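Observations on chain architecture
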Amino acid sequence: MQLRYSFRLYPNGPQRSGLARAFGCARVVYNDALRAREDARVNGDVFPKTGDLSKLLITEAKKTTERAWLGEVSAVVLQQSLRDLDTAYRNFFDGLAGKRPRMGAPRFKSRKDSRQAVRFTANARWKITAGGDLSLPKIGDVRVKWSRVLPSAPSTVSVVKDAAGRYFASFVVQTGPEEILPEAAGQVGIDLGLSHFAILSDGTKIESPRFLRRAEKKLKKQQRRLARKTKGSSNRAKARLKVARAHAQVADARREFHHQLSTRIIHDNQAVAVEDLAVKGLARTRLAKSVHDAGWSAFVAMLEYKAARYGRTFVRIGRFEPTSQVCCVCGIKDGPKPLHIRVWECGACGAVLDRDINAAVNVAKAAGLAVSACRAQVRPGLVPAQRGEAGTHRDGHTTVAGIPGP
């Protein structure tokens with residue numbers, strides 16, 4: 001399978017200027033091609049092909065006074081920009097045909113977009129130097145912070161600038177069957193929640209880190225400072241960067257938590273089952289901020305691709321499966337229960353069940369995994385109240401429970 005590895009770049013002043021030119025030229029070619037195709041659609045003309053657009057908007061445009069500066073960047077960057085537009089149109093039409101989820105038509109890019117990116121293929125003759133720098137055509141040797149070793153030779157590299165002003169090199173590599181892990185004995189079902197981020201069918205509960213909630217004070221302070229700055233001023237640009245960096249810290253911490261937890265689960269279990277949650281629907285409720293803070297969709301996507309990468313079985317069960325209503329011991333459906341009921345007693349067999357662990361066991365059973373329901377039983381006792389949506393204070397728990405370091 002193909003994987004993408006990202007590493008932090010540290011370009012100097014001239015290199016940042018060269019990257020800014022590359023971002024701008026790629027954006028102009030993309031917008032010119034989009035405008036040409038939209039004009040053809042409005043006028044009822046033939047849809048221009050990529051080859052014709054390349055000749056008109058790159059080769060011929062370089063000879064004109066208005067677009068002579070396109071020759072200051074690598075031609076591969078401009079060609080890849082046209083291919084990005086082709087991909088955007090293909091995804092749009094596939095969505096209309098029902099081949100993929102619907103998405104909007106391609107839109108014009110702006111120099112004020114929070115993310116800027118260009119892509120270099122093998123034709124651009126980029127390389128990794130002996131000293132570990134990334135040599136890019138018409139930009140130079142850019143310093144890279146290598147955090148790990150690439151599993152194979154990369155085919156392409158994309159240079160990305162995010163909203164926080166950070167630069168990243170994103171490599172596409174091909175992995176083979178040598179990464180498949182030895183077979184493991186464990187099989188686990190996962191129930192995702194808010195009070196606890198994940199509850200496993202073996203009884204393990206992973207506390208929710210709530211990265212956004214913990215950073216709310218800092219974010220509010222930076223956003224108030226941004227609101228006081230005059231629009232268009234350099235001070236406002238500096239304040240915007242501080243807000244973007246604060247949000248980037250939250251996103252990076254959440255992503256690292258997802259990676260560590262998903263890697264541990266995939267390494268320890270041969271089969272993993274999760275429930276297909278209606279995240280879009282939950283994100284329209286009063287729990288929206290907590291739902292977005294949890295990042296369930298990103299975590300499940302990590303589980304899915306890591307299972308395929310390491311030779312594990314991944315099963316996603318339907319969202320309408322009554323996992324919280326069925327007793328995992330005797331299989332009797334006891335009906336829906338309010339969210340404040342965290343422990344309940346089965347009316348048929350008398351088993352005292354933890355609501356979350358019971359749901360995780362039922363997720364595994366619905367996926368056809370052989371799991372034991374004995375760990376779903378708990379002693380009767382005081383039922384803790386569910387943590388409310390409002391409030392930013394921690395309750396004394398550790399940030400990440402039971403997760404080893406990288």
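What counts, and where the lines are drawn
- Residues numbered from 1 in each chain as written.
- Predicted model: local features only at pLDDT ≥ 70, side-chain atom pairs only at ≥ 80, totals over all residues.
- Heavy atoms only, no water.
- Salt bridge = Lys/Arg side-chain N within 4 Å of Asp/Glu carboxyl O.
- Helix = DSSP H or I, 4+ residues; strand = E, 2+ residues; numbered from the N terminus.
- Buried < 20%, exposed > 50% of the residue type's maximum accessible area, 1.4 Å probe, protein only.
- Pairing = 2+ DSSP bridges.
- Contact = heavy atoms within 4.5 Å.
- Core = buried A, V, L, I, M, F, W, Y, C linked by side-chain atoms within 4.5 Å.
- 1 Å grid on protein atoms, 1.4 Å probe; cavity = no way out; pocket = protein on both sides within 12 Å on 5 of 7 lines; lining within 4 Å.
- Points joined across faces, edges and corners; volume = space filled by probe spheres on them.
- Nonpolar A, V, L, I, M, F, W, Y, C, P; charged D, E, K, R; others polar.
- Phe/Tyr/Trp six-rings, centres within 6.5 Å; stacked < 30°, edge-to-face > 60°.
- Lys NZ or Arg CZ within 6 Å of the ring centre and 35° of its normal.

1. A look at the pattern of salt bridges
This structure, assessed with the given rule, holds 16 salt bridges. A salt bridge links Asp32 to Arg67; the shortest N-O distance between them is 3.3 Å. Here Arg67 lies in the loop between helix 2 (50-59) and helix 3 (75-96) and Asp32 lies in helix 1 (residues 13-43), a separation of 35 residues in the sequence. A relative accessible area of 15% means that Asp32 is categorised as buried. Exposure remark for Arg67: the relative accessible area of 25% places this residue in the partly exposed category. Residues joined in a network through salt bridges with shared partners are Asp162, Arg166, Asp252 and Arg255.

2. A short note on the pairing of strand 11 (residues 269-275)
Among the seven residues that make up strand 11, seven are buried, leaving the element largely enclosed by the rest of the structure. Both strand 8 (residues 186-192) and strand 11 contribute to a ladder of five bridges, which runs parallel. Within strand 11, the residue paired with Ile190 across the bridge is Val274.

3. As for the environment of Trp69
In this structure, Trp69 sits in the loop between helix 2 and helix 3. Using a relative accessible area of 31% as the deciding quantity, one classes Trp69 as partly exposed. Sequence-wise, Trp69 and Cys25 are 44 residues apart; in three dimensions their C-alpha atoms are separated by 8.1 Å. Leave out the neighbours within four places in its chain, and Trp69 touches Cys25 and Val28.

4. Focus on the nonpolar core
In terms of nonpolar packing, the biggest core is built from 42 residues, with Phe120, Leu134 and Leu136 touching the most fellow members. No other element matches helix 1, which puts nine residues into this core. Residues contacting Leu134, with those up to four places away along its chain left out, are Leu9, Trp126, Lys127, Ile128, Gly140, Asp141, Val142, Val144, Val157, Ala169 and Phe171. Membership of the second largest hydrophobic core comes to 29 residues, among which are Ile266, Val274, Ala294 and Val300.

5. Comments concerning the layout of surface pockets
A volume near 1400 Å³ is recorded for the largest pocket. Lining the largest pocket are 39 residues, and of these Ser6, Arg148, Arg255, Glu256 and His259 lie nearest its centre. At the level of secondary structure, the elements contributing two or more residues to the lining of the largest pocket comprise strand 1 (2-10), strand 7 (167-174), helix 6 (234-268) and helix 9 (296-310). Quantified by volume, the second largest pocket comes out at close to 740 Å³. As for the second largest pocket, its lining consists of 31 residues, and the residues nearest its centre are Asp191, Leu192, Ser324, Leu339 and Arg355. The greatest single-element share of the lining of the second largest pocket, amounting to three residues, is contributed by helix 10 (residues 355-366). A per-class count over the lining of the second largest pocket returns 14 nonpolar, eight polar and nine charged.

6. As for the packing of aromatic side chains
Using the criterion set out here, one finds 10 aromatic pairs in the structure. With centroids separated by 5.7 Å and ring planes inclined at 25°, the aromatic side chains of Trp146 and Phe171 adopt a geometry described as stacked. A residue pair is termed long-range when its members are at least 10 positions apart, and Trp146 in the loop between strand 5 (140-145) and strand 6 (156-161) and Phe171 in strand 7 qualify at 25 residues. With relative accessibility at 0%, the residue Phe171 sits in the buried group. Taken together, the ring pairs in this structure connect Phe7, Trp126, Trp146 and Phe171 into an aromatic cluster. The aromatic ring of Tyr30 is capped on one face by Lys109, whose charged end is 4.3 Å from the ring centroid. Positioned above the aromatic ring of Phe7 is the side chain of Arg148, whose terminal nitrogen or guanidinium carbon lies 6.0 Å from the ring centre.

Geometry only, nothing functional implied.
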